[in-house]
Amino acid sequence: MKKALITGIAGQDGSYLAEHLLSLGYEVHGLVRRNSTPENQSTRFENIIQKLQLEYGDLQDISSISKMLQRVQPDEIYNLAAQSHVRISYDIPQFTAQTNAIGVLNMLEAYRLFCPKAKFYQASSSEMFGSSIDEDGYQRETTPMNPVSPYGCSKVFGYNITRNYRNAYNLHIANGILFNHESPRRGSNFVTNKVVKSAVEIAKGLRTTLELGNMDSYRDWGHSKDYVKAMHMIINHEKADDFVVATGKTHSVREMTEYVFSKLNIDYKKHVVQNSKFLRPEELKYLKGDSTKLRSTFNWKPEYDFFALMDEMINYWKNEL
């Protein structure tokens, strides 16, 4: 039985990845950051919690990481833990950098010292590309990185330091450069779930307005379920490498909002207002990923398209509310 360690297991991706690895027969360990309300931390994996082995730890506390890696001796390490909200990274830039940059370095040092034969996956982000777009309108593995947020900057460090450790110490370290991916498990302060949940609340008479920031930014949205399967493929490739994970199609926040409200027979223009507090100091207007390398290497193909993703999230909130 293979053993996997997932940092950030309480998150959207961590919970779906844990389910996927358990279905493949893995023994799954998870690093969980202590929270004053632990009930909130397990909501995403309550259905499998008895099958998981969880320990408290934090990427900023290298002792907790070291002890867990020494004890577990995992075959695969998935470093998904992060301060993952781009807009909030402007409010807490130091914490974002400490977690997303120095936290990765802490993970790598503990990994190098205590279980260097394991395979390591680093969750990198399309936000690293920032305003850099190739001439054909896509971003791919070779696209220069020009991040436009503290989050994007911190992720570039994590990406580069993993590549450095891979080459310097001959370690099996891979990067998945994931474009936006959503699901019903996405935090409701992220724009997709915020729009869907609020639209259902409006349809049910629980609220009247929805406040958004820039509605004309474009994103490449996929489903987390599809993307965690790509993570497992990437980490188990015979050669440690870096891969973009994306659908290759882009939609604006306005298009997404219009689609969600229309599915509920509501005119979004009567309920949506713009609030400047949700605008970023430097806006990222456009992301669209070219995942040709991933698809040709592993024959990966997402099961969900944008509309199936939105429909699933709408149905979730209709039942939940």
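Structure report, in brief.

Each value, and the rule that gives it
- Residues numbered from 1 in each chain as written.
- Predicted model: local features only at pLDDT ≥ 70, side-chain atom pairs only at ≥ 80, totals over all residues.
- Heavy atoms only, no water.
- Helix = DSSP H or I, 4+ residues; strand = E, 2+ residues; numbered from the N terminus.
- Rg over C-alpha atoms; globule rule 2.2 N^0.38 Å.
- Buried < 20%, exposed > 50% of the residue type's maximum accessible area, 1.4 Å probe, protein only.
- Areas by Shrake-Rupley, 256 points an atom, 1.4 Å probe, with all protein chains shown as cover.
- Lys, Arg positive; Asp, Glu negative; His and termini not counted.
- Charge placed at Lys NZ, Arg CZ, Asp CG, Glu CD.
- Core = buried A, V, L, I, M, F, W, Y, C linked by side-chain atoms within 4.5 Å.
- Contact = heavy atoms within 4.5 Å.
- 1 Å grid on protein atoms, 1.4 Å probe; cavity = no way out; pocket = protein on both sides within 12 Å on 5 of 7 lines; lining within 4 Å.
- Points joined across faces, edges and corners; volume = space filled by probe spheres on them.
- Nonpolar A, V, L, I, M, F, W, Y, C, P; charged D, E, K, R; others polar.
- Salt bridge = Lys/Arg side-chain N within 4 Å of Asp/Glu carboxyl O.
- Axes fitted to C-alpha atoms, helices over the stretch in contact; angles between N-to-C directions.
- Parallel < 35°, antiparallel > 145°, perpendicular 65-115°, else oblique.
- Left-handed = near helix turned anticlockwise from the far one by under 90°.
- Polar contact = N/O pair within 3.5 Å; in protein donor to acceptor, adjacent residues only side chain to side chain.

**Regarding the overall build of the protein chain**
Across its full length, the protein chain carries 11 helices and 13 strands. A compact globule built from 321 residues would reach a C-alpha radius of gyration of about 20 Å, and the protein chain, at 19 Å, matches this within 12%. Residues counted as buried form 55% of the 321 residues belonging to the protein chain. Per element, the accessible surface of the protein chain, about 14300 Å² overall, is 47% carbon and sulfur. Of the charged side chains in the protein chain, 39 are positive and 37 negative, and the gap between their average positions amounts to 2 Å.

**Brief notes about the nonpolar core**
The biggest cluster of nonpolar side chains holds 32 residues, and the ones touching the most others in it are I6, V28, Y78 and Y121. Counting residues per element, this core draws most heavily on helix α8 (residues 224–235), at 6 residues. Sequence-distant contacts of I6, defined by excluding residues within four places in its chain, comprise G14, L17, A18, L21, V28, H29, G30, L31, Y78 and L80. If you look at the next biggest cluster of nonpolar residues, it comprises 24 residues, including V195, V200, M215 and L309.

**Notes on the layout of surface pockets**
Empty pockets left among the atoms are what a rolling probe the size of a water molecule brings to light. The volume enclosed by the second largest pocket comes to roughly 220 Å³. Taken together, W221, T247, K249, H251, R295, K301, P302, Y304, D305, F306 and F307 form the lining of the second largest pocket. Here the lining of the second largest pocket is composed, by residue class, of 5 nonpolar, 2 polar and 4 charged.

**Side note on the side chain of K194**
Relative to the helices and strands, K194 is located in helix α7 (residues 191–203). The side chain of K194 sits in the buried core without any salt bridge; E211 is the nearest counter-charge, 6.3 Å away. For K194, the contacting residues outside a window of four places in its chain are S188, L210, E211, L212 and F278.

**Looking at the packing of helix α9 (residues 253–263) against helix α11 (residues 306–320)**
At their nearest, the axes of α9 and α11 sit 11 Å apart, and the two run at 50 degrees to each other. Looking at the two axes, α9 sits oblique to α11. The handedness of the crossing between α9 and α11 comes out as right-handed. Packed against α9, whose contacting residues are M256, Y259, V260 and K263, the element α11 presents F306, F307, M310, D311 and I314 at the interface.

**Some words on the environment of T99**
With respect to the helices, strands and loops of the structure, T99 is situated in helix α5 (residues 93–114). Residue class for T99 comes out buried when judged on its relative accessible area of 6%. Apart from residues no more than four positions distant in its own chain, T99 is found in contact with L59, Q60, A82, Q83 and V104. Looking at T99, its side chain comes within polar contact range of the side chain of Q60, at 3.0 Å.

**Side note on the packing of α7 against α11**
Contact geometry of α7 with α11 gives a least axis separation of 9 Å together with a crossing angle of 45 degrees. Compared by their axis directions, α7 and α11 come out oblique. Classified by chirality, the crossing of α11 by α7 is right-handed. Listed contacts from α11 to T192, N193, V196, K197 and V200 of α7 are M310, M313, I314, W317 and K318.

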